[in-house]
Number of protein chains: 2
Amino acid sequence: MDLDDSGDAFMDDAEVISSTEHTGLPTITLGGSSTGPASTGGNGNNLGSSSSKAVSPANPDVFDQHLTGLKDAPRPPKFRNLPYASLQTGLVYDVRMRFHVELFPEEVDVHPEDPRRIYAIFEAFVEAGLAWRDGVSDLDPSYYMGRIDARQVTEEEVRLVHTKVHFDWVQSLSTKPADDLREEEQHPGNKMDSIYLSPATPYSAALSAGGAIEACRAIMLGKVKNAFAVIRPPGHHAEREDAKGFCFYDNVSIATKVCQREFGSLCRKVFILDWDVHHGNGIQQASYNDPNVLYVSLHVHKKGTFYPESSYRDNRPPYGDHLHCGEGAGLGMNVNVPWTAQGMGDADYLYAFQQVIMPIAQEFDPDLVIIAAGFDAAEGDMLGGCKVTPAGYAHMTHMLMSLANGRIAACLEGGYNLDSIARSATAVVKTMMGEQPDRLVNTTPSRTGIDDVKLVLRQQSKFWGSLHPKDPAGRVANLHGERMHDIVRKWQATTLWDEYHMTPLFINRESLSRSFENQVLATANYTEARPMLVILHDPPEMLASVDPRTGKVELHNTWVTDPVKTYTAAAVRNGFSVIDVNMPKHVTEETDTGEHEEVNVGGRVPEATELLQYLWDNYIMLSDATHIFLMGTNIGHWAITLWIKANEDAAIEYVTKTVSFITDVALQACRSHTNDLLSPWYAKNSQVYVARSHNWWSLEFSQRPKKKFGKLMENEESGMSEMLQVHKDTVFEMLLAETAAWRASRDDIDEDEMTGQDAVDEGAIVAPAASGLPPVKNFAPSPVKPGGSSTPTGAGVRSPGLLSPTQVTGSFSARQRTRSPGM
Amino acid sequence: MDLDDSGDAFMDDAEVISSTEHTGLPTITLGGSSTGPASTGGNGNNLGSSSSKAVSPANPDVFDQHLTGLKDAPRPPKFRNLPYASLQTGLVYDVRMRFHVELFPEEVDVHPEDPRRIYAIFEAFVEAGLAWRDGVSDLDPSYYMGRIDARQVTEEEVRLVHTKVHFDWVQSLSTKPADDLREEEQHPGNKMDSIYLSPATPYSAALSAGGAIEACRAIMLGKVKNAFAVIRPPGHHAEREDAKGFCFYDNVSIATKVCQREFGSLCRKVFILDWDVHHGNGIQQASYNDPNVLYVSLHVHKKGTFYPESSYRDNRPPYGDHLHCGEGAGLGMNVNVPWTAQGMGDADYLYAFQQVIMPIAQEFDPDLVIIAAGFDAAEGDMLGGCKVTPAGYAHMTHMLMSLANGRIAACLEGGYNLDSIARSATAVVKTMMGEQPDRLVNTTPSRTGIDDVKLVLRQQSKFWGSLHPKDPAGRVANLHGERMHDIVRKWQATTLWDEYHMTPLFINRESLSRSFENQVLATANYTEARPMLVILHDPPEMLASVDPRTGKVELHNTWVTDPVKTYTAAAVRNGFSVIDVNMPKHVTEETDTGEHEEVNVGGRVPEATELLQYLWDNYIMLSDATHIFLMGTNIGHWAITLWIKANEDAAIEYVTKTVSFITDVALQACRSHTNDLLSPWYAKNSQVYVARSHNWWSLEFSQRPKKKFGKLMENEESGMSEMLQVHKDTVFEMLLAETAAWRASRDDIDEDEMTGQDAVDEGAIVAPAASGLPPVKNFAPSPVKPGGSSTPTGAGVRSPGLLSPTQVTGSFSARQRTRSPGM
């Protein structure tokens, strides 16, 4: 079907298209209330009979000719022993919903909410032999979809969801001159965003909402087993008093409330599943405190930067995130599955359905399911940027069909690639009609998809008994737990004291000392003339199995992996001094018991860089170190490169090598506009290990690395712990090669001891005081070099007994004296 | 349908039943190979034609009369545009499979694998109007299930799964005299278990396997959209060379391999879903190393105590646990979902499907799905003891129908309640025919169900990309992690040292010191004349959110809750001495990196009791304590009651009160056959808090508590941390009331200070040495009471500087002197 070639592929609709699509429009008058009460009063006979249509345009015959005398109205079940399986699937399609058009279309850029959308879908149904149309019925029509007449929604029905002001405003459009409409479009004030207007808009919008109602009513009345309403304009963005996002009336919510009212306990609980790629803010608003409407929306959210970002009316922040779960009696009845990224595919949607949506839906146990069926997450839709296939839609439909005794209505929402929506809708309808879903090609969910779904699961586990594990955050708040982070660092400090007599370095700067209290530890010999390894590292990794129900973790099934310690050990064994900086992902504060869901890894970089500068100025530069090795993981790498760029001369002169391990942060370049030497120096003197899972490797320019990114090392591992473990020997080969001359000059270093576990260079460590204090929160007096002590740069007041850098006068290394003025 | 009233409800089968069920049998001869090759050679025309039947019994006309001229053989699709939906569902049913009967039935106890099983199902299909039978066809037969002829399996087909020895043995049964068969049944040697034999057994078994084959072939050939094979004897317990568990030939595995061979790449991957309540050991064996057969079994396992417990042949342990995942190329292709308990229902099965089975199946993407459809997990089946409803089976079927382009065959396995299997099978068939599944009543999975499924998920996440979180155990083993348990206890010790100057008590007994190293801490004043609180407690609880993909836990999102510390704090504030015993759930050993999945809580009780005895003898009894309060959580409670029973006189004389908190262990009674006073004493002097979630409250006798269980306290909480927190004030009211007189005699205790956080009874704690050593692994010299020091009872060698109990001579309390001889 070539949809670009309009007129050719269109058959009985062709005349309508040519007369309405981009040209003049018939005058339409509305008389909304005339047949309203009857049509919502349980009149089951209006199905299949054109006499029940609410109101016709001024010259209805032009448009209604193909609607009269329908041959494909729903029939009774073909086989009474399979009453559901042998019932027809209903179809709502009315060409008059195409009257809502852009009055002033741009030549090039056709508005995505194109009137041809519904025709493309209907035509695809006909071509697949699923829907009847004059001249195409060579097969037994009893197997076709049963046509259900659309009708105009009544004012009273609209006002189940919207205000009278909103209804009146929509109605008023039909009598406004074109220029007024244009003015209103272009200067919308508070009224709306992403909307175009035409005099036919109220008529099309009324048919769209009425079509959704009649589709659901036909199901509830047992006329059809399920139904697809090919309707437009869409509805799920329309709010109580706002047209918005191509939407005027919230079709699905109106149909929901009409059915709840008409069918009472037979249709008490309605499950609305919104797979439009945008959040259905309107539906969420309409059902937010309703315990009998479960609204689940899967949508691209991008942390609130994807449409609908925010409300025009009240500047309310976007509310499609996972934390909006309903309120009052409706708490827990709003489930947002907000994708952090575009590009989600079948596997991600399937994962969300299996992990969260179906368990919730089954627990909710609806009487009716309505799909807010936008197809803009379909592959080929540029606006959505996702890649759900027709098979993916079929599988979702199939799962939903297990609910509510199979009573399921799909109501079109968005979807702008005519071919994509046609193929997707056909797959949905075939499934509704009993065909099997096609097999899926992609069944492995993406990283971000899994994370997004698990976040929703954790949030919703508060409300749904079938979701596990339960979020432990609530319990924690009540129990005044100690943050494990603090426990582990205290343990680390104790251990590093026990094994290497490392003690905290004093950080005398208000902004740093809070974050890095007890996080900077040094071997006692750090002032001496020996190689120095400075490690800026992430906290250790903890691996655990949680209780699947409660989120409780058993201590004996939990491990802390701290491979950085093996670097410290190897360095100490080889006579190096070590400064170990733990960079916490989060700084504990007294009043702080909540969970920190997201850590902005970049956010702590300035602090880390400042700390490195502080250490450089107050400890490293003042030491006699013969070589300086800077090693960093993630933020550490970032901080090192930033520090190098800020101290390019010092770095080139004094830093022997840098070693970086990167899993989570962007690869940092080292380049200077003022110093051409920096980039080649960095390329020569860096080793940069980038995890295989890092984005870098998927970037195009990663194929031809540049000097500014340093010496990139091949790496097979994805986890930081594994990377550190695997590359340790290589790193130390390099460190030892660099320091070979120095070690050769020393008697007390054994060249062969590198691999020995227990062979510590005893000479390298000054024996600790016989009875040292516990090192944490208690800066123990450290052995002081004979050269004497001094006040650290920038330190105003210094507590007595604090470990302090040695200020060197005579015994300082050559580097000290040649320190560049730029530092 | 009254199935007990045989003869009445049976129609055209009635004659057959009366002639075969419990009486004589026709002689049956087998000529297995005659038509075998043809029937597996892709001959699509044999469907619906009785001429294709392999071999008939000696007098075939008697049995075949109702099979000839079938009117309900599969027809072409009714509507070519819905080729799947309008195709028929296939039905295999052959009355001759009822010939396999007990030769020597017991009057009362009919064997559960009753020949009427298949008739009951067939009859239910007919009654539901889904299957055709002479005289009942008042409806258009084109909507019925399409009948597929069963035929005998060939030797060559059998040998795709079984050995020739096994085939020959089965065949030999047809010619053996009844007495020989009885002898073989009763003295089975290595051959089989749970089997009865008759001369017709080989014939019925051959039809059963052949029926499974033809059902699958009809689907693959496109004759039917899916199929239900109502066959017996069942097959999934039959192993390579063993009849077992009512089974002779592994019908499903034979059908699988026949289809793989015949249809090549069109049927390369077969997914066998076994929802029989027993593990399908035969299918697992047949496909264990086959990468193209995914076998998933949901079954009651009860840790290996449920049939099939073990193999007759090789005494192999039962292999239906979650750790059996296939081998070689088939690794990961065997998925056992072993229920720990009976009683599983729809919600548990649904949970397993959503969490594990459907994600795996979709990733596997089969070409054909075969259900090993036993209905012994159905509600009403006494053998299975589970409660899956017909709606539950329908939902599982519906989910499976989304796979393999809807190509799904259900082959009957077990199921022994005739009514249950008839209703369940009908629900399955209706779903296959396109009816909607009924709504589920129970959608909340059980505690054990969730745990079981999560265990499988963790195991299978190694093999399947769509399952998360990944089991961290493998990573841990490689990374040499530190067990968090040790880290936390070290932190606890440091903290208790910092805040209360509590130091480790020396445990000089080999068997105890390993387990309790650093786990026993005491305030320095424990020897003094003041109330003593001894707390035997579980390790602190850790609460965390794990990374949904990797199982990694962020330190800053993890908390340790240690409410026991608040008891210590309150006791210290009120002038008590405290001995704090942490009872690890697992003792870390050097070589120990694996995960400890289950902790037998009872297993550590003897050690805990021994420790309490040791503390009593060496520290508590030798102190001047004015009151002794024993407080225990879980194992601690257990140890305290055991200790009391072993030291009843001492307990009654010296123990002021006991306080117990119980969530996980059985409530322990305190009663003595030699001392009538013990039980009333315990009732009066104990406070026992039992978690609301504890089994105790569901026991009948919990309604009338007895003295021996102590003074049971109402409790609203389920978690240990919450219980400890909620009841702290009550406990201390009691402790303070008991010690009111003592506190009144002391000037330095402030009566009103109990609720103050910082008001520590300074006088109660001896100031620590100015520079104490870190307390852990380093028993610091503790302030020693003026009375001098002594060697603990039972301590052979004592290291200098160890904290030691004070041996009291003159200053000891009256209790010491009146110590009962029984101690």
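Attention in this report is confined to the structure presented alongside it. In this text the structure is predicted, and so the values were computed from the model without any measurement.

## Focus: the overall build of chain A
A tally of helices and strands in chain A yields 25 helices and 21 strands. Across chain A, the fraction of contacts at a sequence separation of at least 24, relative to all contacts at a separation of at least 6, is 79%. As presented, chain A carries roughly 28,600 Å² of accessible surface, and 50% of it is formed by carbon and sulfur atoms.

## Focus: the sheet that holds strand S8 (residues 334-339) of chain B
All names here are of chain B. Spatial strand order, S2-S1-S4-S10-S9-S6-S7-S8: 8 strands in an open sheet with parallel pairing. Only two strands of the sheet have a single neighbouring strand rather than two, namely strand S2 (146-148) and S8. For this sheet, the mean inter-axis angle between neighbouring strands, taken without regard to orientation, is 15°. The pairing of strand S6 (residues 270-274) with strand S9 (residues 368-373) spans 5 bridges and is classified as parallel. Across the sheet, the residue bridging to Phe271 is Val369, located in S9. Sheet strands touched by helix H11 (residues 346-364): S6, strand S7 (293-300) and S8. Its angle to S7, the strand with the most contacts, is close to 170°.

## A few points about the sheet that holds strand S2 (residues 146-148) of chain A
Residue and element names in this part refer to chain A. On the basis of which strands lie adjacent, the open sheet formed by 8 strands has the order S2-S1-S4-S10-S9-S6-S7-S8 and parallel pairing. Strand pairing shows two members of the sheet lacking a second neighbour, S2 and strand S8 (334-339), which therefore form its edges. Within the sheet, the average angular offset between the axes of one strand and its neighbour, ignoring direction, is 15°. When strand S7 (residues 293-300) meets S8, the two strands line up parallel, connected through 6 bridges. When the bridges of S8 are listed, Leu298 appears paired with Val337. Sheet strands in contact with helix H8 (residues 201-220) are strand S1 (89-93), S2, strand S4 (226-230), strand S9 (368-373) and strand S10 (408-412), and its direction is about 170° off that of S4.

## With respect to the nonpolar core
If you look at the biggest cluster of nonpolar residues, it comprises 265 residues, and the most contacted ones within it are Phe271 and Trp275 of chain A together with Phe271 and Trp275 of chain B. With sequence-adjacent residues up to four places away left out, Phe271 of chain A is seen in contact with Leu294, Val296, Ile357, Ala361, Phe364, Pro366, Leu368, Val369, Ile370, Leu400 and Leu403 of chain A. If you look at the next biggest cluster of nonpolar residues, it comprises 49 residues, including Ala639, Ile644, Ile662 and Trp681 of chain B.

## Remarks on the environment of Gln260 of chain B
Residues and elements named next belong to chain B. Counting through the fold element by element, Gln260 comes out in helix H9 (residues 251-263). Classification of Gln260 by relative accessible area gives buried; the value is 17%. Separated by 10 residues in the primary sequence, Gln260 and Val270 have C-alpha atoms spaced 8.0 Å apart. Beyond its immediate chain neighbours, meaning those up to four positions away, Gln260 contacts Cys267, Arg268, Val270, Asp290, Asn292 and Val293.

## Concerning the environment of Ser424 of chain A
All names here are of chain A. Note that Ser424 resides in helix H13 (residues 418-432). Counting along the chain gives 48 residues from Ser424 to Asp376, while the straight-line C-alpha distance between them is 9.9 Å. Beyond its immediate stretch of four places on either side in the chain, Ser424 contacts Phe375, Ala378, Pro390 and Tyr393. A polar contact is formed between the side chain of Ser424 and the backbone oxygen of Ser420, at a distance of 2.7 Å.

## Quick look at the pairing of strand S16 (residues 552-561) of chain A
Burial of S16 of chain A is extensive: 8 of the 10 residues sit out of reach of the surface. Bridge analysis of S16 of chain A against strand S11 (residues 482-483) of chain B gives 2 bridges, and the strand direction is antiparallel. Among the inter-strand pairings, Val560 of chain A is bridged to a residue of S11 of chain B, identified as Glu482 of chain B.

## Section: helix H22 (residues 678-685) of chain A
Residues that lie three or four places apart on an α-helix share one face, since the helix turns once every 3.6 residues. Taking burial as the measure, the 8 residues of H22 of chain A include 6 buried ones, the bulk of the element. In this structure, the buried side of H22 of chain A is in contact with helix H20 (635-646), helix H21 (648-654), strand S19 (655-662) and strand S20 (686-690) of chain A.

## A word on H20 of chain A
Taking 1.5 Å of rise per residue, 12 residues should cover 16 Å, and H20 of chain A covers 16 Å from first to last C-alpha, within 8% of that figure. Listed as buried for H20 of chain A are Ile635, Gly636, His637, Ala639, Ile640, Thr641, Trp643 and Ile644 of chain A.

## Quick notes on the packing of helix H12 (residues 390-400) of chain A against H13 of chain A
All names here are of chain A. Running from amino to carboxyl end, H12 crosses H13 at an angle of 35°, the nearest separation of the two axes being 8 Å. When the axes of H12 and H13 are compared, the crossing they make is right-handed. Facing Pro390, Tyr393, Ala394, Thr397 and His398 of H12, the residues of H13 in contact are Arg423, Ser424, Ala427, Val428, Thr431 and Met432. By residue class, the composition of the contact of H12 with H13 is 6 nonpolar, 4 polar and 1 charged.

## Observations regarding the packing of aromatic side chains
Residues and elements named next belong to chain A. Under the criterion given, the structure shown has 34 aromatic pairs over all chains. Judged by centre distance (4.2 Å) and plane angle (5°), the ring pair of Tyr93 and Phe122 falls under stacked. Here Tyr93 is found in strand S1, whereas its partner Phe122 is found in helix H4 (residues 116-127), with 29 residues between them in sequence. Here Tyr93 and Phe122 have matching classes, each one buried. On the numbers, 6.3 Å between centres and 35° between planes, the contact of Trp616 with Tyr654 is tilted. Taken together, the positions of Trp616 in helix H19 (residues 605-620) and Tyr654 in helix H21 put the pair 38 residues apart, joining distant regions of the chain. You'll find Trp616 and Tyr654 in the same group, each marked buried. Aromatic ring contacts, followed pair by pair, group Phe125, Phe228, Trp275, Phe375 and Tyr393 into a single cluster. Taking the ring centre of Phe364 as reference, the NZ or CZ of Lys269 above it sits at 5.7 Å.

## Observations regarding the pattern of salt bridges
A complete count under the given rule lists 40 salt bridges over all chains for this structure. Where Arg232 of chain A meets Glu113 of chain A, a salt bridge forms, and the shortest distance between an N and an O atom there is 2.7 Å. Here Arg232 of chain A, found in the loop between S4 and strand S5 (243-244), pairs with Glu113 of chain A, found in the loop between S1 and H4; they are 119 residues apart in sequence, far enough to count as distant. When its relative accessible area of 0% is taken as the criterion, Arg232 of chain A is described as buried. Across the pair Arg96 of chain B and Asp94 of chain B runs a salt bridge, and its minimum N-O distance is 2.5 Å. In this structure, Arg96 of chain B and Asp94 of chain B share a single accessibility class: buried.

## Quick look at the pairing of S1 of chain A
All names here are of chain A. Counting buried residues in S1 gives 5 out of 5 residues, a clear majority hidden from the surface. Residues Thr89, Leu91 and Tyr93 of S1 are buried on one face, and the alternating residues Gly90 and Val92, pointing to the opposite face, are buried as well. Pairing between S1 and S4: 5 bridges, direction parallel. For Gly90, the partnering residue across the bridge sits in S4 and is Ala227. The pairing of S1 with S2 spans 3 bridges and is parallel. Considered in S2, the bridge of Leu91 is made with Arg147.

## Brief notes about unusual backbone geometry
All names here are of chain A. The peptide bond linking Arg232 to Pro233 adopts the cis configuration, its omega dihedral lying at -5°. Tracing the sequence through the fold places Pro233 in the loop between S4 and S5. Positioned with a positive phi, Asn634 is a non-glycine residue whose angle comes to about 50°.

## Observations concerning the side chain of Ser623 of chain A
All names here are of chain A. Looking at where Ser623 falls in the secondary structure, it is placed in the loop between H19 and strand S18 (628-633). Take Ser623: its relative accessible area is 1%, and that puts it in the buried class. In this structure the side chain of Ser623 is engaged in a polar contact, spanning 2.8 Å, whose partner is the backbone oxygen of Ile620.

## Thoughts on the environment of Leu735 of chain B
Its place among the elements puts Leu735 of chain B in helix H23 (residues 720-738). When near neighbours in sequence (up to four residues on either side) are disregarded, Leu735 of chain B contacts Leu533, Phe576 and Phe629 of chain B.

## Some remarks on the packing of helix H16 (residues 484-500) of chain A against helix H18 (residues 564-573) of chain A
Residue and element names in this part refer to chain A. The geometry of H16 relative to H18 is characterised by a closest axis approach of 12 Å and an angle of 20° between their N-to-C directions. It follows that H16 is roughly parallel to H18 by the angle criterion. The handedness of the crossing between H16 and H18 comes out as right-handed. Taken together, the residues of H18 that come into contact with H16 (itself represented by Thr495, Leu496, Glu499 and Tyr500) are Lys565, Thr568, Ala569 and Val572. Among the residues forming the contact of H16 with H18, the class breakdown is 4 nonpolar, 2 polar and 2 charged.

Scoring rules and cut-offs
- Numbering of residues starts from 1 in every chain and runs along the sequence as written.
- To label them, take the chains in the order written and letter them from A, then take the ligands in the order written and number them from 1.
- Selection of residues for local features in this predicted model requires a pLDDT of at least 70, selection of side-chain atom pairs for listing and counting requires 80 or more, and totals for whole chains, interfaces and linings are taken over all residues.
- As a convention, hydrogens and water are excluded, and side-chain values are obtained from all of the structure's heavy atoms.
- Each helix is a run of H or I in the DSSP string that is no shorter than four residues. Each strand is a run of E no shorter than two, and both are numbered from the N terminus.
- Residue contacts are counted whenever heavy atoms from the two residues lie within 4.5 Å of one another.
- Only the protein chains shown count as covering a residue, and every accessible area follows the Shrake-Rupley method with a 1.4 Å probe.
- When DSSP locates at least two bridges between a pair of strands, those strands are taken to pair.
- Convention adopted: a line fitted to C-alpha atoms gives each axis, helices being fitted over their contacting stretch, and angles between N-to-C directions are expressed from 0 to 180 degrees.
- To qualify as a nonpolar core, a set must consist of buried Ala, Val, Leu, Ile, Met, Phe, Trp, Tyr and Cys residues joined through side-chain atoms within 4.5 Å.
- For each residue, the accessible area found with a 1.4 Å probe, counting protein chains only, is set against the maximum for its type, and the residue is called buried under 20%, exposed over 50%, and partly exposed in between.
- Any N or O atom pair separated by 3.5 Å or less is treated as a polar contact, with the protein-specific requirement of one donor-capable and one acceptor-capable atom, and with residues adjacent in sequence counted only for side-chain atom pairs.
- In a helix, the anticipated span is given by 1.5 Å times the number of residues less one.
- By definition, turning the near helix anticlockwise from the far helix through less than a right angle yields a left-handed crossing, and turning it clockwise yields a right-handed one.
- Basically, the charged four are Asp, Glu, Lys and Arg, the nonpolar ten are Ala, Val, Leu, Ile, Met, Phe, Trp, Tyr, Cys and Pro, and anything else, Gly included, counts as polar.
- Aromatic rings from Phe, Tyr and Trp, taking only the six-membered ring of Trp, are treated as a pair when their centres fall within 6.5 Å; an angle between ring planes under 30 degrees marks them as stacked, one over 60 as edge-to-face, and anything in between as tilted.
- Sitting over a ring, as applied to charges here, requires NZ of Lys or CZ of Arg to be within 6 Å of the ring centre and within 35 degrees of the ring normal.
- Here, a salt bridge means any side-chain nitrogen of Lys or Arg that lies within 4 Å of a carboxyl oxygen of Asp or Glu.
- Orientation labels follow simple angle bins: below 35 degrees gives roughly parallel, above 145 gives roughly antiparallel, 65 to 115 gives roughly perpendicular, and whatever is left gives oblique.

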